[in-house]
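If you want the building blocks of each chain, they are given just below.
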Amino acid sequence: MLTGLGPDNGHMTTMLQADRRAASRAGAKDYQRAVELLGSGRVQAGANLMGRVAQETEDDGLRSQALFGLAEVLEQLGDLDRAYATWHGLAHKPVALRNKFDTLARRRVMALFEKHALRLSPPDFPPRLQLEITNRCNLRCVMCTRNQMDRGLGDMAFETLRRAADEWCVETGCVMALYFLGEPLLHKELERLIAYLAKAGDRAPGSATFGIQTNGMLMTRERSRALIEAGLREVSISLDGLEGDLEVIRPGASYPIIETNIHDLIDVAAEMGVDDLVVNITKLSEDFGSEETRRFLDRWQGKVSNVLLSGITKVEGNSYMSADRKIEYVMPTVHPRRRAYCRHGNRLLVYWNGDFGFCCGDVNGKLPLGNIHDRTVRDVWNSPEIQRIRDKVLAADYKDLTACQTCPNSYG
């Protein structure tokens, strides 16, 4: 009969704690031995011992460390599915129970899902939350899917952004992107939105990041200073060509103006003593090895943080500049092509009016998932409705997914 914690029970507790400490020390030695085996090239033996440590230890921190190390080995061996599943298990502990390795695992899960998308099981929160803070634009780019947009125009209300930001800021590994089918700098309250995100991000230092994508025409020296003061630390500029080329594919743009604005942005940050501003230039290119692309890289590499190249999404009815600098029109498909899994579904969109969207191919919001004023980001991301869309995309079954039927990413 138990009558409370008497002297004998206290002695037993002390003995159990001592046993656990001894087991923990033994587990730590085995972990170190596993690291040594891996370092000497005995990968399988090291992985087996790492797995055994994770299975047998009663020390939660050591278990997480061993599982994280095991997943790294599995990924290096090319077993992405098992590596991801191992990190996935660590990543979804309640926030209060996560240790540093669980947090690292969550970041790895987010990054891998964003890269490989629906090949993998979705994490419990989107790796990227994309907010269309406006769908108004000052340019009419020939290759932009905005040309297919028939939604009404508008700017995102502060309250809409706040609802998204208050979820995003505590989710390790989630990136907030403030752009979709519009020019962010047209939003009259952009500095206020940025300031709120910067303050929200301070609730979870190092885990919440955000940035904007702009065409650069409105990024004057004064606007640069105001945005940096508000807390903006990552800016990507869409600059798809040099003098002459840019003005053709982005009607309304001026290469000299944008070039000056980019240099002024960097200079203003230096004047303000801000040394953590990331300035990226993104360029669409049909051929990464072309002479035109090489000239672009020669002009900009080393002058900004990163020059990022991406392929051109050839949407029927749009145009694009080919590798030989000619404007080509994307004609309707004459012969049906095999449908295939498209790699989308790695983020969640919020249109300017608060409606959720499944992917950036859904220009007109044809896959309804509700509104952020009625549902949370987490609720939608884990909902039966979005899982149904994922299942259909994985099965290449697009017959009732209107947005997918004309999207070039859904073709093999």
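Quick caveat, the model's predicted, so the values are computed rather than measured.

Quick notes on the packing of aromatic side chains
Here is step 1 of the chain: All chains considered together, the criterion is met by six aromatic pairs.
Here is step 2 of the chain: An angle of 55° between the planes, with centres 5.7 Å apart, marks the rings of phenylalanine 68 and tryptophan 87 as tilted. Taken together, the positions of phenylalanine 68 in helix α3 (residues 60-76) and tryptophan 87 in helix α4 (residues 80-91) put the pair 19 residues apart, joining distant regions of the chain.
Here is step 3 of the chain: Here phenylalanine 68 falls in the buried class, since its relative accessible area comes to 8%.
Here is step 4 of the chain: Each ring, one from phenylalanine 180 and one from tyrosine 351, has its centre 6.1 Å from the other, and the planes form 50°; the classification is tilted. Placement of the pair is phenylalanine 180 in the loop between β2 (175-178) and α7 (190-201) and tyrosine 351 in the loop between β9 (347-350) and β10 (356-357), with a sequence separation of 171 residues.

Concerning a nonpolar patch on the surface
Here is step 1 of the chain: The grouping of Val248, Ile327, Tyr329 and Met331 at the surface amounts to a nonpolar patch, some 420 Å² of accessible area in total.
Here is step 2 of the chain: In this fold, methionine 331 is placed in the loop between β8 (327-329) and β9.

Some details on helix α13 (residues 384-394)
Here is step 1 of the chain: Listed in full, the buried residues belonging to α13 are Ile386, Ile389, Arg390, Lys392 and Val393. Relative to the axis of α13, the buried residues are bounded by an arc of 165° and lie together on one face.
Here is step 2 of the chain: On its buried face, α13 is in contact with β9 and α12 (377-381).
Here is step 3 of the chain: Trailing α13 by a residue or two, alanine 396 shows a phi angle of about 50°, which is positive.

Some details on unusual backbone geometry
Here is step 1 of the chain: Positioned with a positive phi, alanine 117 is a non-glycine residue whose angle comes to about 50°.
Here is step 2 of the chain: Inspection of the secondary structure puts alanine 117 in the loop between α5 (100-116) and β1 (128-131).
Here is step 3 of the chain: Despite not being glycine, alanine 396 has its phi angle at roughly 50°, a positive value.
Here is step 4 of the chain: The topology assignment puts alanine 396 in the loop between α13 and α14 (402-405).
Here is step 5 of the chain: Alanine 396 gets classed as partly exposed once you look at its relative accessible area, which sits at 26%.

What about the sheet that holds β10?
Here is step 1 of the chain: Overall, mixed pairing links the eight strands, which are arranged β6-β5-β4-β3-β2-β1-β9-β10 in an open sheet. One side of each edge strand has no neighbouring strand; the edge strands of this open sheet are β6 (306-310) and β10.

As for the environment of asparagine 261
Here is step 1 of the chain: Its location among the elements puts asparagine 261 in helix α10 (residues 255-271).
Here is step 2 of the chain: Classification of asparagine 261 by relative accessible area gives buried; the value is 8%.
Here is step 3 of the chain: Non-local contacts of asparagine 261, meaning those with residues more than four positions away in its chain, are made with Gly216, Met217, Leu218, Met219 and Thr220.
Here is step 4 of the chain: One polar contact links the side chain of asparagine 261 to the main-chain carbonyl oxygen of methionine 217, over a distance of 3.4 Å.

Looking at the pairing of β1
Here is step 1 of the chain: The side-chain alternation of β1 yields two buried faces, one formed by Arg128 and Gln130 and the other by Leu129 and Leu131.
Here is step 2 of the chain: Note: β1 against β2, three bridges, orientation parallel. Residue arginine 128 lies in a different strand from β2, and its bridge partner there is valine 175.
Here is step 3 of the chain: As paired elements, β1 and β9 share four bridges and run parallel to each other. The residue of β9 that forms the bridge with leucine 129 is leucine 348.

A short note on the confidence of the model for the protein
Caution applies to low-pLDDT parts of the model: their predicted coordinates are not meant to be read in detail.
Here is step 1 of the chain: Per-chain confidence: the protein averages 85 in pLDDT, with 89% of residues scoring 70 or above.
Here is step 2 of the chain: For the stretch residues 1-23, pLDDT sits under 50, and the model shows three contacts to residues farther than four places along the chain or on other chains.

Thoughts on the nonpolar core
Here is step 1 of the chain: If you look at the biggest cluster of nonpolar residues, it comprises 107 residues, and the most contacted ones within it are Leu129, Leu131, Trp168, Met176 and Trp300.
Here is step 2 of the chain: Excluding residues within four positions of it along the chain, tryptophan 300 makes contact with Leu239, Leu242, Tyr255, Glu259, Ile262, His263, Ile281 and Val307.
Here is step 3 of the chain: Met149, Phe180, Leu181 and Leu349 belong to the second-largest nonpolar core, a separate cluster that totals six residues.

Some points on the pattern of salt bridges
Here is step 1 of the chain: With the rule as written, the count across this model stands at 40 salt bridges.
Here is step 2 of the chain: In this structure, the salt-bridge partner of lysine 93 is aspartate 102, at a minimum N-O distance of 3.1 Å. You'll find lysine 93 and aspartate 102 in the same group, each marked buried.
Here is step 3 of the chain: The partner of aspartate 379 in a salt bridge is arginine 375, with the nearest N and O atoms 2.9 Å apart.

What counts as what
- Residues numbered from 1 in each chain as written.
- Predicted model: local features only at pLDDT ≥ 70, side-chain atom pairs only at ≥ 80, totals over all residues.
- Heavy atoms only, no water.
- Phe/Tyr/Trp six-rings, centres within 6.5 Å; stacked < 30°, edge-to-face > 60°.
- Helix = DSSP H or I, 4+ residues; strand = E, 2+ residues; numbered from the N terminus.
- Buried < 20%, exposed > 50% of the residue type's maximum accessible area, 1.4 Å probe, protein only.
- Patch = residues over 30% accessible without salt bridge, like charges linked within 9 Å, V, L, I, M, F, W, Y side chains within 5 Å.
- Areas by Shrake-Rupley, 256 points an atom, 1.4 Å probe, with all protein chains shown as cover.
- Salt bridge = Lys/Arg side-chain N within 4 Å of Asp/Glu carboxyl O.
- Arc of directions from axis to C-beta.
- Contact = heavy atoms within 4.5 Å.
- Pairing = 2+ DSSP bridges.
- Polar contact = N/O pair within 3.5 Å; in protein donor to acceptor, adjacent residues only side chain to side chain.
- pLDDT = per-residue confidence, 0-100.
- Core = buried A, V, L, I, M, F, W, Y, C linked by side-chain atoms within 4.5 Å.

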